[in-house]
Amino acid sequence: MPVQVIDGAPETLLPSHLQKVDLKYLQMGCDQANKYFQGTVILSYPLTKLGNGTEFFKIVLQENSCSKTSTINVLFFGRLADDCGKVVHQGDTMVVAGFNVAKSPSANEDDRHCCHLEVAEDAGSTPVAPKYTYTPLNHLQGGTIVNLYGAVKFFKPPYISKGTDYCSVVTIVDQSNVKLTCTLFNGNLDALPKIYKIGDIVRFHRIKIREYNEQMQGITGIGFASLTFDGTVGAPIVPRTSSKLYSFTEEEQKTIEELRMWAASNLSVCGPTAKLSGVQPMLFFDLTCQLVGKAEVDGSSFLLKVWDGTKCPYPSWKVLVEESDLEGDKVLIHRLRNLIVDILVYDNHVKLAKSLKVESFLRIYSLHTKQASAENQPDVSYVEFHLHGGTCYGRGIRVLPENNPDVKELKAFMDSVNLTESQNVESMSSVELDVIVSLLNSLYFYCFTVLTDHQHLDDTALNTILNSAVPQQYRIRAKLRTFKPQKLYQSVKLYCSKCNSLQEVPDGDDFDLILRDCAATAPNPEVHNSLWYHSAVWDTENQGQRKIAVHFVKHDELLQEPEDTLIMVQGGTLKEIRKLSRRFKCIIPVRSTKEDLELLDLSAPFLLQGKIWHYGCKQCSNQKTIQSLSSLAEEEPSWEPTEIARVLGIEPLQYVFVMKFTLDDGTGALDAYLFDYEKFFQIPASEVLTSSLLQEKMEMIMKILCPPGTKLDDLPWLECCIRSYNVKDGMEQQVCYQIFDTMVAEDVI
DNA sequence: TTAGGTTTTG
């Protein structure tokens, strides 16, 4: 006869001739045919096979008395072992009859009864275990041990308690609309319910009910076991459990379906989940993500680098750590740098965070996004991600298994992410940048800029400079608290050294308009071909009457190779001129009058050399005829822009960086202007607007000199030469400062 | 034993 699982007290099913035996009277040699033993399963071992292939199952039963030898080993053999192994659980009450009593070989070691019970089916044994009945939550009574079903209304993912165990707090509710908060402890994380979401359905076996603060409370006791199910209506009913052996009936499937339906309309399941792309500052939300890097920051905080395939719409902070402290695939971290966010976890979460495996999928509950801006750059704000200490509101971290539906969806999405789309702007990863800054910063005497002259000067404190007579030159050591403009391309201006005027760099659209205007007038054939240039005219297809004339400047009456040739172009579009500038050394856009070719208005560049457009000062230029160029053509022409400008009577404008640096050395702070053609950044101002590579390089340098989100104390030191000078502003005299003879240190570049 | 739901202030 197989194991019987019955409702209510198992002994009521027993034949009346059977007598209960006490462990203290149990001994070998006595007839056990009319005896039965009843106890609670306090331990069950995994089902195994003996050497001869017989199934074997061992449990420990505890008698409900307090004598010293109140526990006994019970061994099951054959099919009975198999049956018992499937239904018997720790904490169950069990009745065994038809057993043999034999000497326990392990009595000396396990301190249990000196005999053990052997039960095999052929001996007519009929062990019985109680069938599970489930108590509705409105029928709970203190001091009982019950089995429950419920939908999860609230939960704290397992966290390391202050004692020896993991703890998880779970509030469940059922159709009676009564809720029960359960405090579950276990030294084994896997033994706690695997709840991932509000709305999951749980089944608890053998949970203790007691009263606390005038409310019922559930708490783990001996033999507690749980199953967790996805709460989605219609989802497959697959229990999440660490136990390989558990009972599960069709009737229970029905219970789950009913609870799912009930919860769907009675429980607000829509938790605050969000993708990184939907992050809002000042928000608590649950993030499902993959861990790509982790690092210890200090004793009370730990860094997790995660991504979810989407891009956070705000700049997010980067937490500074030593490269050697960062665990994770550096290449991957670099590749994902624009999608990764840094999360700092604090206090009680640190220990769990440390144990997380890189590459694992996580759900981080009640993650806090906080908007902040740096002390030194108040106009630049960024988002910080914090998992604060404590477990309020279910704050915590849970590892999701690979087969979790949300993880599957996340993986599929991550696989489809096109990384090139998100890798704009920065050419260097923030990790690399952070490493450079932290390494160099750790050297107290390291300066991120160096002097190109005046090394003999001693450092002067900024407060001394502020109180000194003007003009003077100084050597200083200070930190770059902030700078303007923050958009670096805005720092490039055009400067006339003759009238000292500064102007914005015209953009391509202005030039395009001028070119279109010129193209409206057809080239005059009378001015084509001369002693010093050869002309060619092309018709444009499908563009009405537009003609393009190109005048190739000759040397010694001969044409030169295109890469050495200056051409004058009339009627071309911006696109065509750009194309020609890739092939020919120099281009001068022209138009034709009745008598001659002439330069365009000085709002347009007078000369294009590769990607560099040269402009002239409208105020200081005194334009000469285009014929003046012939004098240059006679010589061996090198087509230097300054020479071309000179013969054409143009005062050339120079590209410069103009920036305002707020410097602070602790004694005082002052604004100093940086006025630089190329020397300071080692980047020509004339090329930066047309080179994304140079823009990225400049951006990186500024990030190193003035890392966003860094406190003044942690900013790197700069060494500079500055000069003070007076500026007249109407009647007022103003003192200004300018950086000179200084450049960014080579290590930084 | 631990925690016993109800957001840190980094």
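Residues numbered from 1 in each chain as written. Chains lettered and ligands numbered in written order. Predicted model: local features only at pLDDT ≥ 70, side-chain atom pairs only at ≥ 80, totals over all residues. Heavy atoms only, no water.

## Topic: the overall build of chain A
Secondary structure assignment for chain A yields 15 helices and 39 strands. For chain A, with 749 residues in total, the buried portion stands at 51%. Within chain A, residue pairs in contact and separated by at least 24 positions form 64% of the contacts whose partners lie at least 6 positions apart. As displayed, chain A offers around 36,600 Å² of accessible surface, 50% of which is attributable to carbon and sulfur atoms. (Helix = DSSP H or I, 4+ residues; strand = E, 2+ residues; numbered from the N terminus. Buried < 20%, exposed > 50% of the residue type's maximum accessible area, 1.4 Å probe, protein only. Contact = heavy atoms within 4.5 Å. Areas by Shrake-Rupley, 256 points an atom, 1.4 Å probe, with all protein chains shown as cover.)

## With respect to the environment of aspartate 92
Assignment of secondary structure puts aspartate 92 in the loop between helix H1 (79–87) and strand S7 (93–97). The sequence separation of aspartate 92 and glycine 39 amounts to 53 residues, and the corresponding C-alpha distance is 8.4 Å.

## Topic: the protein's contact with DNA strand B
The immediate surroundings of DNA strand B are formed by 31 residues, with Lys156, Asp347, Ser366, His388 and Gly389 found nearest. By atom count, sugar and phosphate contribute 37% of the portion of DNA strand B lying within 4 Å of the protein. Here a phosphate oxygen of DNA strand B sits 3.3 Å away from a polar atom, N or O, in the main chain of lysine 162. Mapped by element, the contributors of at least two residues to the surface near DNA strand B are strand S13 (166–173), strand S14 (179–186), strand S15 (201–212), strand S16 (215–229) and strand S21 (361–374). Tallying contributions element by element places S14 first for the surface near DNA strand B, with 4 residues. (Near = heavy atom within 4 Å. Polar contact = N/O pair within 3.5 Å; in protein donor to acceptor, adjacent residues only side chain to side chain.)

## Here's the deal with the pattern of salt bridges
Inspection of the entire model under this criterion finds 22 salt bridges. Aspartate 406 is the partner of arginine 363 in a salt bridge, and the nearest nitrogen-oxygen pair spans 2.6 Å. Highlighted residues: arginine 363 in strand S21 and aspartate 406 in helix H6 (residues 405–416), separated in sequence by 43 residues. Judged by its relative accessible area of 3%, arginine 363 is buried. (Salt bridge = Lys/Arg side-chain N within 4 Å of Asp/Glu carboxyl O.)

## Notes on the nonpolar core
Core analysis: the largest hydrophobic core is formed by 66 residues, its most contacted members being Leu148, Phe204, Leu304, Ile343, Phe385 and Ile397. Counting 63 residues, the second largest nonpolar core, distinct from the first, contains Ala478, Leu488, Phe552 and Leu608. (Core = buried A, V, L, I, M, F, W, Y, C linked by side-chain atoms within 4.5 Å.)

## A few points about H6
Compared with an ideal rise of 1.5 Å per residue, which puts 12 residues at 16 Å, H6 spans 17 Å between its outermost C-alpha atoms and is within 8% of the ideal. Inspection of H6 places Val407, Leu410 and Met414 among the buried residues, and these make up the whole buried set. For H6, the buried positions fall inside an angular range of 60° around the axis, keeping them on one side. Across from the buried face of H6, at angles greater than 90 degrees, the exposed residues are Lys408, Glu409, Asp415 and Ser416. In this structure asparagine 404 caps H6, since a side-chain oxygen of it lies 2.8 Å from the backbone nitrogen of aspartate 406. (Expected span 1.5 Å × (residues − 1). Arc of directions from axis to C-beta.)

## Observations concerning the packing of aromatic side chains
Counted under the stated rule, the structure contains 13 aromatic pairs. Judged by centre distance (5.2 Å) and plane angle (70°), the rings of phenylalanine 511 and tryptophan 613 are edge-to-face. Within this pair, whereas phenylalanine 511 is found in helix H10 (residues 508–519), its partner tryptophan 613 is found in strand S34 (residues 612–614), the two being separated by 102 residues in sequence. The same class applies to phenylalanine 511 as to tryptophan 613, namely buried. One aromatic cluster is present, formed by Phe657, Phe661, Phe680 and Phe681 through successive ring pairs. Over the aromatic face of tryptophan 717 sits the side chain of lysine 479, whose NZ or CZ is 4.8 Å from the ring centroid. (Phe/Tyr/Trp six-rings, centres within 6.5 Å; stacked < 30°, edge-to-face > 60°. Lys NZ or Arg CZ within 6 Å of the ring centre and 35° of its normal.)

## What about the pairing of strand S29 (residues 547–553)?
Of all the 7 residues making up S29, 6 are buried; the element is thus mostly covered by neighbouring parts of the structure. As defined by bridge partners, strand S28 (residues 533–539) adjoins S29 across 7 bridges and the pair is classed as antiparallel. Across the sheet, valine 537 pairs through a bridge with alanine 549, a residue of S29. Pairing of S29 with strand S30 (residues 566–570) involves 4 bridges; the strand directions are antiparallel. Counterpart to valine 550 in the pairing with S30 is valine 569. (Pairing = 2+ DSSP bridges.)

## Some thoughts on the environment of arginine 583
Position of arginine 583 among the secondary structure elements: in helix H11 (residues 574–583). In this structure the C-alpha to C-alpha distance between arginine 583 and glutamate 563, which are 20 residues apart in sequence, comes to 6.2 Å. Apart from residues lying up to four places away in sequence, arginine 583 is in contact with Pro562 and Glu563.

## Remarks on a positive patch on the surface
Judged by side-chain charge, Lys575, Arg578, Lys579, Arg582 and Lys611 come together as a positively charged surface patch. By the element assignment, lysine 575 lies in helix H11. (Patch = residues over 30% accessible without salt bridge, like charges linked within 9 Å, V, L, I, M, F, W, Y side chains within 5 Å. Lys, Arg positive; Asp, Glu negative; His and termini not counted. Charge placed at Lys NZ, Arg CZ, Asp CG, Glu CD.)

## A look at the confidence of the model for chain A
Taken over all residues, the pLDDT of chain A has a mean of 87, while the share at 70 or more is 90%. In the model, residues 421–428 has pLDDT below 50 throughout and makes 21 contacts with residues more than four positions away in sequence or in other chains. (pLDDT = per-residue confidence, 0-100.)

## Comments concerning the state of the cysteines
If you walk through the whole model with that rule in mind, you get 0 disulfides. There is no disulfide at cysteine 496, and the cysteine sulfur nearest it, in cysteine 499, is 3.6 Å away. (Disulfide = S-S within 2.5 Å.)

## Thoughts on a negative patch on the surface
A cluster of acidic side chains, namely Asp556, Glu557, Glu561, Glu563, Asp564 and Glu636, defines a negative patch on the protein surface. Its place among the elements puts aspartate 564 in the loop between S29 and S30.

## So, unusual backbone geometry
Along the chain, valine 470 connects to proline 471 via a cis peptide bond; the corresponding omega equals -5°. Structurally, proline 471 can be placed in the loop between helix H9 (462–466) and strand S25 (472–484). Looking along the chain, the bond that leaves lysine 484 and enters proline 485 is cis, with omega of -5°. Positive phi is not limited to glycine here, since tryptophan 639 has a value of about 55°. For tryptophan 639, the location among the structural elements is in the loop between helix H12 (629–634) and helix H13 (641–647). Notably, glutamine 682 is not glycine yet its phi reads approximately 60°, a positive angle. In this structure glutamine 682 comes out as partly exposed when scored by relative accessible area, which is 36%.

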